[in-house]
Amino acid sequence: MLPSLTGQSPDALAAWLEQAGQPAFRAKQILDWIWKKQVTSIDAMTNLPAALRETLATSFRLSSLEHTHTQGSEDTTRKFLFKLHDGRYVESVLIPANPALYGESSDRRTLCVSSQVGCAYGCKFCASGLAGFTRNLDASEIAGQVLAAEQIGGDRVDSLVFMGMGEPLANLDNLLEAIALITGPETLHLGARHLTISTSGLVPQIRKLAQHPQQIRLAISLHGATDEVRSKIMPVNNKWPVNELFDALNDWNARKKQHLTLEYILIKDVNDSLEQAAILAKRARAIRAKVNLIPYNTVEGLDWIRPSDTRCQAFRKVLRDAGITANLRLEKGHDIDAACGQLRLKQETEEGIISAPAR
Ligand code: SF4
């Protein structure tokens, strides 16, 4: 399988061109075609000599993803399914601006990006974990989702959340390589502060990422304020319990400017007690984090239930009364299986790549 051009850093491309006996300025031309003009074929790079285009075409694929399906419509959440070179699938979700946060007229767009095929972390509410872990995505497959979403949508993506399929911090090296492509001035050039990495709480990687020079944001899938409750939902908590996680988050705060976010899916009778809310408020205050509350979305094959709206609001009130910024998230994409991993799970089950999950 040929390497993909979208996976080439400016330095790697310059080195390849030098070896091919090409002048250095060709690197900028090629990068412009890929990332700024966003062409879909090497042949469309019309200011390159035909012979160079030919050599490029025999040495590289242009893209590492093939867009096979879109679910949703232009003015709502849209989910893109991409086929990878090995026949596996990943998905990205393009989410229009939340008018409550940005105003009715805002056209800001956030892309939820996948980092692995499947996931080994098995969070109990999540479709991605259901079929287990297959492999890490490489940098071109991660950054390529953003490029493809812009090509399909015909418009810039304003911010990214690494919250799709996979645990991004379990694929940290490739993720950082992808982030270099996404933020680089010669490539996609999206500001690092518009990128949020969401993790289930991998403590050593959080400490490592805290030392990364870019001001990337971090969100933690917490979903339980005590070990007893969190371990029921997040098996990763058995390895890195809540206190250890919060020590690492303190370390993060000491090095980073942006506030942390705690994600908390509200599940009826599992983690929605007002006692949990009070403990969560204390923990959030200790690390100056804001809290996103997300009422549970039904996942086919799982039997947890969404709490009533009254309970969700009461939970948020405990946090707000304690002075914590707490959003009760507007639902996006409920009708198109927006929970991460569901579309890919359906596709791969239909094709017989994986068998239907039995939970
Ligand atoms: S929530 Fe994230 S870390 Fe947990 S199983 Fe799903 S993809 Fe993996």
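Preceding block: the structure.
Residues numbered from 1 in each chain as written. Predicted model: local features only at pLDDT ≥ 70, side-chain atom pairs only at ≥ 80, totals over all residues.

Engineer: How should the environment of serine 63 be read in this particular structure?
Structural biologist: Summarising the element assignment, serine 63 is placed in the loop between helix H3 (50-59) and strand E1 (66-71). Put simply, serine 63 and leucine 84 are 21 residues apart on the chain and 9.8 Å apart in space, counted from C-alpha to C-alpha. (Helix = DSSP H or I, 4+ residues; strand = E, 2+ residues; numbered from the N terminus.)

Engineer: Explanation requested: the site of the ligand in the structure shown.
Structural biologist: Near the ligand you find 13 residues, and of these Cys119, Cys123, Cys126, Ser128 and Gly129 are the closest. Split by residue class, the shell around the ligand holds 6 nonpolar, 6 polar and 1 charged. (Near = placed C-beta within 6 Å. Nonpolar A, V, L, I, M, F, W, Y, C, P; charged D, E, K, R; others polar.)

Engineer: What should I look at first to understand the pairing of strand E2 (residues 78-83) in this one?
Structural biologist: In summary, the side chains of a regular strand alternate between the two faces of the sheet. Where E1 meets E2, 5 bridges bridge the pair, whose relative direction is antiparallel. Across the sheet, residue histidine 69 finds its bridge partner in E2, namely leucine 81. The sheet contact formed by E2 and strand E3 (residues 89-96) spans 6 bridges and is antiparallel. By the bridge assignment, phenylalanine 80 is partnered in E3 with serine 92. Connecting E2 to the next strand, E3, in antiparallel fashion are 5 residues, including glycine 87 with a positive phi near 85 degrees. (Pairing = 2+ DSSP bridges.)

Engineer: Got a minute to help me understand the nonpolar core in this structure?
Structural biologist: Taken as a class, soluble globular proteins show a tendency for nonpolar side chains to be buried jointly. Among the nonpolar cores identified, the biggest contains 96 residues, and Ala143, Val146, Leu160, Ile182, Tyr264, Leu266 and Val291 are the most heavily contacted of them. Here this core takes 7 residues from helix H5 (residues 139-153), the largest share from any one element. Shared between two domains, this core takes at least three residues from each, and those domains are domain 1 (5-59) and domain 2 (66-350). Discounting chain neighbours no more than four positions away, the residues touching isoleucine 182 are Ala143, Val146, Leu160, Leu188, Leu190 and Leu195. (Core = buried A, V, L, I, M, F, W, Y, C linked by C-beta atoms within 7 Å. Buried ≥ 20, exposed ≤ 12 C-beta atoms within 10 Å, placed from the backbone. Domains from an automatic or database assignment. Contact = placed C-beta atoms within 7 Å.)

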